[in-house]
Amino acid sequence: MLSCEGADFSKVLKRYDIDLQVEMTPQEMAAKLLPADPVFHKVAEEVMYMRFKTVGPVVAQAIKERDPLDVINKGLVAGMEIVAKLYAEHVYYLPEIMMAAKTMEIGIALAEKQVPGGRESKATIVMHAAEGDPHDIGKNIAAVMMRSSGYTVIDMGRDVPVVDAVAKVEEVKPLFISGTALMTTTMTAFPAEAKMLKDKGYNTPVMGCGGAVNREYANSYDLGIYSEKAPQTPLIAQKLLDGYDWQKIREEWDNIVGE
Ligand code: B12
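Residues numbered from 1 in each chain as written. Predicted model: local features only at pLDDT ≥ 70, side-chain atom pairs only at ≥ 80, totals over all residues. Heavy atoms only, no water.

1. Considerations on the domain arrangement of the protein
Phase 1: For the protein, the assigned domains read domain 1 (26-112) and domain 2 (124-257).
Phase 2: Spacing between the C-alpha centres of domain 1 and domain 2 amounts to 26 Å.
Phase 3: Counting residues at the interface gives 11 residues for domain 1 and 7 residues for domain 2.
Phase 4: Between domain 1 and domain 2, the buried area comes to about 700 Å², and carbon and sulfur atoms account for 77% of it.
Phase 5: Sorting the residues of domain 1 by area buried against domain 2 places Leu69, Glu105 and Glu112 first, and these three jointly supply 40% of that buried surface.
Phase 6: Counting across the interface, domain 1 meets domain 2 through 1 salt bridge.
Phase 7: Listed by contribution, the elements that provide at least two residues to the side of domain 1 that touches domain 2 are helix H5 (68-88) and helix H6 (94-112).
Phase 8: Broken down by element, the residue count for the side of domain 1 that touches domain 2 peaks at 6 residues, all from H6.
Phase 9: The residue makeup of the side of domain 1 that touches domain 2, split by class, is 8 nonpolar, 1 polar and 2 charged. (Domains from an automatic or database assignment. Contact = heavy atoms within 4.5 Å. Buried area = accessible area lost by both parts, 1.4 Å probe. Salt bridge = Lys/Arg side-chain N within 4 Å of Asp/Glu carboxyl O. Helix = DSSP H or I, 4+ residues; strand = E, 2+ residues; numbered from the N terminus. Nonpolar A, V, L, I, M, F, W, Y, C, P; charged D, E, K, R; others polar.)

2. Here's the deal with the coordination of the cobalt atom of the ligand
Phase 1: Of all protein atoms, His135 (NE2) alone acts as a donor to the cobalt atom of the ligand, lying 2.2 Å away.
Phase 2: Topologically, histidine 135 is positioned in the loop between strand S1 (124-129) and helix H7 (137-148). (Donors = N, O, S within 2.8 Å, 3.2 Å for Na, K, Ca; no water.)

3. A word on the pairing of S1
Phase 1: Counting buried positions along S1 gives 5 out of 6 residues, so the element sits mostly inside the fold.
Phase 2: Relative to strand S2 (residues 152-155), S1 runs parallel, the two sharing 4 bridges. Within S2, the residue paired with valine 126 across the bridge is isoleucine 154.
Phase 3: The β-α-β motif built from S1, the intervening H7 and the parallel element S2 has right-handed crossover chirality.
Phase 4: Sheet topology places S1 next to strand S3 (residues 177-180); 4 bridges connect them, and they run parallel. Its bridge partner being in S3, valine 126 is matched across the sheet by isoleucine 177. (Buried < 20%, exposed > 50% of the residue type's maximum accessible area, 1.4 Å probe, protein only. Pairing = 2+ DSSP bridges. Right-handed = clockwise from strand over helix to strand, strands pointing away.)

Structure, rendered in structure tokens:
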């Protein structure tokens, strides 16, 4: 009979491509990238290892020890950022991204309830993923950050037709509308929305976001402004509240986001 005695399984039970393609294993990356704070470390680890069954109790404990907003940003979102890095390094693939995002969202839903509420809303903003675009993970992260910064977020979801986005702006007159596009085929929704709004006499900024969009593109159409990362958005929103218009946001962008 075949005997396994003495076999070194660490050489066998390892994904072949990790050794071939990247210098570090997920465990080595974890040691390097996970937050140093033990509480945030544990929370980020839940997302990184896609533990959607245990993230609830871990987050419940974390919000007893740390500010719930920090648990979201320094724990759950930090974990998702590591997952994005692992994806870029070809260590993780699409299923891992989806399961990690699900884990993060379970945790966020729990922690969000504990973010001190009852504050007066600073303003209403509209968020959506562009027409034809199903990618909404980044938008959902940005929406949490805006809610926790005191804004009322009307999240229209994904694959939102241009006309619906424009109609929502007409209905609620938000401080700005932000759109997420991860596909080069969908980012054209933003200039289309901006043009329709302008033709109707609105001066509402149309913030272009997501992997397909860069600052140059977002600045290439009237009303267009740019936000690259979720934490930049409350800084830009504050300036709009202070009376800046879309042109001034563009001019002052580096100072506003601290680049
Ligand atoms: C997950 C994923 C999917 C999931 C989306 C699930 C979901 N609910 O979002 C599913 C499986 C549905 C999917 C489908 C498709 N996908 Co896809 N997908 C991805 C993938 C792997 C990860 C995207 C992601 O969620 N990243 C993690 C989040 C956190 O990052 P993020 O969205 O970039 O967000 C960050 C920033 O962009 C920014 N941000 C984003 N939104 C906002 C909003 C605001 C206000 C702010 C301030 C910031 C901000 O902040 C975030 C945090 O840093 C990318 C690959 C990649 N490298 O991005 C491909 C990718 C986006 N997909 C791609 C494609 C082509 C498709 C499909 C067309 C594939 C197909 N042939 O069927 C289909 C779409 C079909 C359709 N039309 O319905 C391409 C797009 C190529 C292009 N340039 O056009 C990519 C780049 C993969 C590739 N390299 O080819 N996909």
